[in-house]
Number of protein chains: 2
Amino acid sequence: MTGGTGRGGSSAAPRSVDVARLAGVSQKTVSRVFNDEPYVSAEVRRRVLEAAEQLGYRRNNAARALASGRTRSIGVVTLGTALYGPASLLMGVERVVRDTGYALRVVNTMEGDPAGVAGAVDSLLDQGVDGIVISEPIDEEATRRDASLRVDVPVLVIGAPSPVTAPTVLTAGDGADLMARTATEYLLGLGHATVHHLAGPQRWYAARDRLEGWRTTLAAHGRDVPRVVEGDWSAASGYAAGRELAEADDVTAVFAANDDMAIGLVRALTEAGRRVPEDVSVVGFDDIPVAAFVTPPLTTVRQPFDAVAQEGLKRLVHAIENPGADPLPPSDPPVDLIVRSSTAPPPPRTTPRRGRRTVSRSAERSGP
Amino acid sequence: MTGGTGRGGSSAAPRSVDVARLAGVSQKTVSRVFNDEPYVSAEVRRRVLEAAEQLGYRRNNAARALASGRTRSIGVVTLGTALYGPASLLMGVERVVRDTGYALRVVNTMEGDPAGVAGAVDSLLDQGVDGIVISEPIDEEATRRDASLRVDVPVLVIGAPSPVTAPTVLTAGDGADLMARTATEYLLGLGHATVHHLAGPQRWYAARDRLEGWRTTLAAHGRDVPRVVEGDWSAASGYAAGRELAEADDVTAVFAANDDMAIGLVRALTEAGRRVPEDVSVVGFDDIPVAAFVTPPLTTVRQPFDAVAQEGLKRLVHAIENPGADPLPPSDPPVDLIVRSSTAPPPPRTTPRRGRRTVSRSAERSGP
DNA sequence: GTGAAAGCGCTAACAG
DNA sequence: CTGTTAGCGCTTTCAC
């Protein structure tokens, strides 16, 4: 570029040395001002800021990263889907990352992608990030095989065991089983003899945790553990499962691993003549925005995405900025069961198995 | 950096010069190999690759960016919500960006954020990106005011007029009005005298476009243009609107600006004793995954997010890599009306059933 | 409080 | 085909 007359901000971008010249200080002083370093007189600071403003100066991040060895960015491995859970989590993460002054780099793990998380993490490392957030190492096998998943930046793993080896590995949001437990216990408390489970795809940790929470609750109460029906998170798969479940008379309560499947399930049940909640109670998971407005309004478990993201990232940033220091302790996010109208005590019919249906009704928390 | 505590023996990350030494070549040759430049003998290439592998070498992107002036990354301004549309679009964008060899940087525009897109774009520019994708300049006023929104990289604006001044501005996905037209015409074709519109928040271009498409269609057919009810995309707002609309007997068809609102609307209508679709037809927008499984299954317009993202990004990347060249021509994505069971011909004309027939235009705001 | 010098690790011309 | 010589724009020493 030649001939840039500097008017109207044409030609090349101004550098700190240009600002320095205009402000009549050294380039280093400009650097000090922009890094909020001490030992700069108010007057000089003002002059520098003014010059920068006038020139439309913007720090060059590549140079900064090169010189300092820190990119000031955090990478997140997403799931490549618009599913409510993952999308909400991503948004939560973005918010916090930006608040903490970092930039966000995003890479998808697509289902079926042979590279899986390993590839995603690798790509993030290539880009250069100071920390990594992973939420679902979907393809566990591939991950385990890949020895190159040795990461040298702190990692925050949300809701799953860590798929990587890193200097610092933090975990958060692994309370899904507790949430599943709450849902199952609520249904049991309503008087249902047992609870069926419409599970998510078992390649997802989130799905496995929910199943585990459900199963252990049933076991703890000495109840039958019915056969699990597995869906793929979609309402369509919930619908398919519902047609199956509608055949069996002993199904009076179903805990679905997410709301979409619950909605499909309710539809199938309804079409088959099983009323919800009179004949069958249904509990979902996520509390998606429409959950309160479908028919019947869905009882569901709300996941505290924002809280999890915020809590986890606080610890990740701490680990990044204080290498060597002890990691901050995790804190558990709250569990929220939102009771609406898709749940009720079981119907009176058939042989009662352990007492009357109305007994434990008051034992559980009542609606919001 | 130099005084780093010897961590597990492997100390600092290997640089290209280390690889060069090990492979017995010059540093420049390593650079050649990693950039897939021609004029490197197969033998040398092999040796370099091997040495790199052995050392666990990874190119330093900051240095690359600094030296080349390109960051090889694209920034996207998201909406900070898990709404189906924005989330789907983001995922589509990620996919394509990665496929084209770029990295993705993400920044939110939060509603109510005074900085709005301007702030988000600015933050992206600070980070250093070669191109920017914006989908909804929500806060138009702030954007207009902010003169600093002069961007020096190509910009792709999806579904909205450009809020920035840039060397290259591309647009994509601005077919919302056409889609709205299709929906409205379908309803008219069913025999409805007119169609009501449950609009999205008018700060969104997507919402305005849909409204425009609806309005012009009605006008073109010489029909009444009823007063618009505006929601906020949520099912809750659709529900509120539904209670209003249920009062008016002349409402026989409603085109909702998204599926969530349509679902809330249907619920309110149903609760008020207006059957869908026998009494009132409802068309949604988006074709969210549960749309086919709510009661009744929703007739809706499907947005081709992936196609729009792919098409737009192809042009953006072209503009980035061929500055000065003519931009590629846009191509229109297809419109898809998915007909399900929430629409039907209007009920036979009758005398007012519920004693209120003059309210539709004047009394809508009288509710709580 | 401030400045001068020395790189960070790579790519960009040119030489050979 | 391969190597040399310069920077890219900043942050770091360390000197004043």
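Remember, predicted model here, so these are calculated numbers, not experimental data. (Residues numbered from 1 in each chain as written. Chains lettered and ligands numbered in written order. Predicted model: local features only at pLDDT ≥ 70, side-chain atom pairs only at ≥ 80, totals over all residues. Heavy atoms only, no water.)

Chemist: What am I meant to see in the overall build of chain A here?
Modeler: Per the secondary structure count, chain A includes twelve helices and eleven strands. Counting every position in chain A, which comprises 368 residues, the buried fraction comes to 53%. For chain A, restricting intrachain contacts to residue pairs at least 6 apart in sequence, the fraction spanning at least 24 positions comes to 69%. Summed over its atoms, the accessible surface of chain A is roughly 16300 Å², and 50% of this surface lies on carbon and sulfur atoms. (Helix = DSSP H or I, 4+ residues; strand = E, 2+ residues; numbered from the N terminus. Buried < 20%, exposed > 50% of the residue type's maximum accessible area, 1.4 Å probe, protein only. Contact = heavy atoms within 4.5 Å. Areas by Shrake-Rupley, 256 points an atom, 1.4 Å probe, with all protein chains shown as cover.)

Chemist: So what exactly am I meant to see when it comes to the protein's contact with DNA strand D here?
Modeler: DNA strand D sits among 24 residues. The nearest are S16, K28 and Y57 of chain A together with T29 and R32 of chain B. Of everything in DNA strand D that lies within 4 Å of the protein, sugar and phosphate atoms constitute 60%. Within the contact set of DNA strand D, a phosphate oxygen lies 3.2 Å away from a side-chain nitrogen or oxygen of N35 of chain A. A distance of 2.9 Å separates a phosphate oxygen of DNA strand D from a polar atom in the side chain of R64 of chain A. For the surface near DNA strand D, the elements supplying multiple residues, two or more each, are α2 (27–34) and α4 (61–68) of chain A together with α2 (27–34) and α4 (61–68) of chain B. Top element by residues in the surface near DNA strand D is α4 of chain A. It accounts for four residues. (Near = heavy atom within 4 Å. Polar contact = N/O pair within 3.5 Å; in protein donor to acceptor, adjacent residues only side chain to side chain.)

Chemist: Sorry if this is basic, but what is going on with the environment of G101 of chain B here?
Modeler: All names here are of chain B. With respect to the helices and strands, the residue G101 is situated in the loop between α5 (84–99) and β2 (103–108). Since its relative accessible area comes to 57%, G101 is described here as exposed. In this structure the C-alpha to C-alpha distance between G101 and A199, which are 98 residues apart in sequence, comes to 39 Å.

Chemist: For this particular structure, what's the right way to read empty space enclosed by the protein?
Modeler: Any empty space left between the atoms is revealed when a probe the size of a water molecule rolls over them. All names here are of chain A. If you walk through the whole model with that rule in mind, you get seven cavities of 30 Å³ or more. Of the voids in this model, the largest cavity is the one considered here, and its volume is about 90 Å³. Contributing elements (two or more residues each) for the lining of the largest cavity: β1 (73–78) and α5 (84–99). In terms of residues, the lining of the largest cavity owes the most to one element, α5, which gives five residues. Residue classes in the lining of the largest cavity are distributed as eleven nonpolar, three polar and no charged. (1 Å grid on protein atoms, 1.4 Å probe; cavity = no way out; pocket = protein on both sides within 12 Å on 5 of 7 lines; lining within 4 Å. Points joined across faces, edges and corners; volume = space filled by probe spheres on them. Nonpolar A, V, L, I, M, F, W, Y, C, P; charged D, E, K, R; others polar.)

Chemist: Looking at this model, I keep getting lost on the interface of chain A and chain B. Mind explaining?
Modeler: How big an interface is tends to be expressed through the accessible area that disappears when the partners come together. Opposite the 50 residues of chain A that make contact, chain B presents 50 residues. Surface buried jointly by chain A and chain B totals about 4300 Å² across both partners, of which 59% is contributed by carbon and sulfur atoms. Of all residues in chain A, R58, R98 and F293 of chain A bury the most surface against chain B, accounting for 17% of the area lost on that side. Here chain A is connected to chain B by four salt bridges. A salt bridge links R58 of chain A to D126 of chain B; the nearest nitrogen and oxygen atoms lie 2.9 Å apart. Summed over the shared surface of chain A and chain B, the result is 18 residue pairs in polar contact (both at pLDDT 80 or more). Going through the elements one at a time, α4, α5, β2 (103–108), α6 (116–127), α10 (235–247) and α11 (259–271) of chain A are the ones with two or more residues in the side of chain A that touches chain B. At eight residues, the largest contribution of residues to the side of chain A that touches chain B is made by α5 of chain A. Partitioning the side of chain A that touches chain B into residue classes produces 26 nonpolar, 13 polar and eleven charged. (Buried area = accessible area lost by both parts, 1.4 Å probe. Salt bridge = Lys/Arg side-chain N within 4 Å of Asp/Glu carboxyl O.)

Chemist: Got a minute to help me understand the sheet that holds strand β8 (residues 253–256) of chain B in this structure?
Modeler: In sheet architecture, strand pairing relies on hydrogen bonds along the backbone and comes in two forms, parallel and antiparallel. Residues and elements named next belong to chain B. Read across the open sheet, the six strands follow the order β7-β6-β8-β9-β10-β11; overall the sheet is mixed. Where the open sheet ends on each side, the last strands, each with one partner, are β7 (229–230) and β11 (336–338). Pairing between strand β6 (residues 196–199) and β7: two bridges, direction parallel. Bridging from a neighbouring strand, L198 pairs with V229 of β7. Helix-sheet contacts for helix α11 (residues 259–271) involve β6, β8, β9 (281–286) and β10 (299–302), and the interaxial angle to β9 is about 160°. (Pairing = 2+ DSSP bridges. Axes fitted to C-alpha atoms, helices over the stretch in contact; angles between N-to-C directions.)

Chemist: How do you make sense of the relation of the copies chain A and chain B when you look at a structure like this?
Modeler: Mapping between the two chain copies consists of a rotation about an axis together with a translation along that axis. You can overlay chain A on chain B at an RMSD of 0.2 Å; the transform is a turn of 180° with a shift of 0.1 Å along its axis. In short, the pair behaves as if placed about a two-fold rotation axis. (Least-squares fit on C-alpha atoms with pLDDT ≥ 70 in both.)

Chemist: Sorry if this is basic, but what is going on with the protein's contact with DNA strand C here?
Modeler: Close to DNA strand C lie 24 residues; T29 and R32 of chain A together with S16, S31 and Y57 of chain B are nearest. In DNA strand C, atoms within 4 Å of the protein come from the sugar-phosphate backbone in 63% of cases. Here a phosphate oxygen of DNA strand C sits 2.5 Å away from a polar atom, N or O, in the side chain of T29 of chain A. Side-chain polar atom of Y57 of chain B to a phosphate oxygen of DNA strand C: 2.5 Å apart, as the coordinates give it. Elements with a minimum of two residues in the surface near DNA strand C: α2 and α4 of chain A together with α2 and α4 of chain B.

Chemist: Where do I start with the nonpolar core in this structure?
Modeler: Nonpolar side chains tend to gather and get buried jointly when the protein is soluble and globular. Formed by 63 residues in total, the largest nonpolar core has its most connected members in I263 and V282 of chain A together with I263 and V282 of chain B. At the level of secondary structure, the elements contributing two or more residues to this core comprise α10, β8 (253–256) and α11 of chain A together with α10 (235–247), β8 and α11 of chain B. Not counting residues within four places of it along the chain, the set of residues in contact with I263 of chain B comprises V290, F293 and V294 of chain A together with I288, V290, V294 and L298 of chain B. If you look at the next biggest cluster of nonpolar residues, it comprises 48 residues, including V308, L313 and A319 of chain A together with V133 of chain B. (Core = buried A, V, L, I, M, F, W, Y, C linked by side-chain atoms within 4.5 Å.)

Chemist: Got a minute to help me understand the pattern of salt bridges in this structure?
Modeler: Under the defined criterion, the tally for this structure stands at 32 salt bridges over all chains. Here D18 of chain B and R21 of chain B are joined by a salt bridge, their closest N and O atoms 3.0 Å apart. One end of the pair is D18 of chain B and the other is R21 of chain B, both in helix α1 (residues 16–23) and three residues apart, which spans about a single turn. Classification of R21 of chain B as exposed rests on a relative accessible area of 59%. A single salt-bridge network, built from bridges that share partners, covers E43, R46, R47 and E50 of chain A.

Chemist: Quick question: what am I supposed to make of the UniProt feature "domain: HTH lacI-type" (unreviewed entry) in chain A here?
Modeler: According to UniProt, the feature "domain: HTH lacI-type" (unreviewed entry) maps to residues 14–68 of chain A in the numbering used here. Along residues 14–68 of chain A, the helical share is 69% and the strand share 0%, with 20 Å between the first and last C-alpha atoms. (UniProt positions renumbered as here; feature names shortened; annotations may be inferred.)

Chemist: Before we go on, may I ask you to explain the side chain of H197 of chain B in this structure?
Modeler: Residue and element names in this part refer to chain B. With respect to the helices, strands and loops of the structure, H197 is situated in strand β6. One polar contact links the side chain of H197 to the main-chain carbonyl oxygen of F255, over a distance of 2.8 Å. Once you skip the residues sitting within four places of it in the chain, H197 turns out to touch R210, L211, W214, V228, V229, F255 and A257.

Chemist: Honestly, the sheet that holds strand β10 (residues 299–302) of chain A in this entry has me stumped. Any pointers?
Modeler: Residues and elements named next belong to chain A. If you walk across this open sheet you meet the six strands as β7-β6-β8-β9-β10-β11, and the pairing is mixed. The sheet terminates laterally at β7 (229–230) and β11 (336–338), the two strands that pair on one side only. The sheet contact formed by strand β6 (residues 196–199) and β8 spans three bridges and is parallel. The residue bridging L198 from the neighbouring strand is A256, located in β8. Most of the contacts of helix α9 (residues 205–220) go to β6, to which it runs at about 175°, and overall it touches β6, β8 and β9 (281–286).

Chemist: Is there a simple way to explain the packing of aromatic side chains in this structure?
Modeler: Aromatic ring pairs are defined here through the distance separating the ring centres and the angle between the ring planes. Enumeration over the complete set of coordinates arrives at ten aromatic pairs over all chains. A ring pair is formed by F293 of chain A and Y239 of chain B, whose centres lie 5.5 Å apart and whose planes are at 50°; its orientation type is tilted. Taken together, the positions of F293 of chain A in the loop between β9 and β10 and Y239 of chain B in helix α10 put the pair across two chains. With 6.1 Å between their ring centres and 50° between their planes, F255 of chain B and F285 of chain B make a pair best called tilted. In this pair, F255 of chain B sits in strand β8 while F285 of chain B sits in strand β9, placing the two residues 30 residues apart along the sequence. Note on F255 of chain B: relative accessible area 0%, which makes it buried. Over the aromatic face of Y205 of chain B sits the side chain of R208 of chain B, whose NZ or CZ is 4.5 Å from the ring centroid. (Phe/Tyr/Trp six-rings, centres within 6.5 Å; stacked < 30°, edge-to-face > 60°. Lys NZ or Arg CZ within 6 Å of the ring centre and 35° of its normal.)

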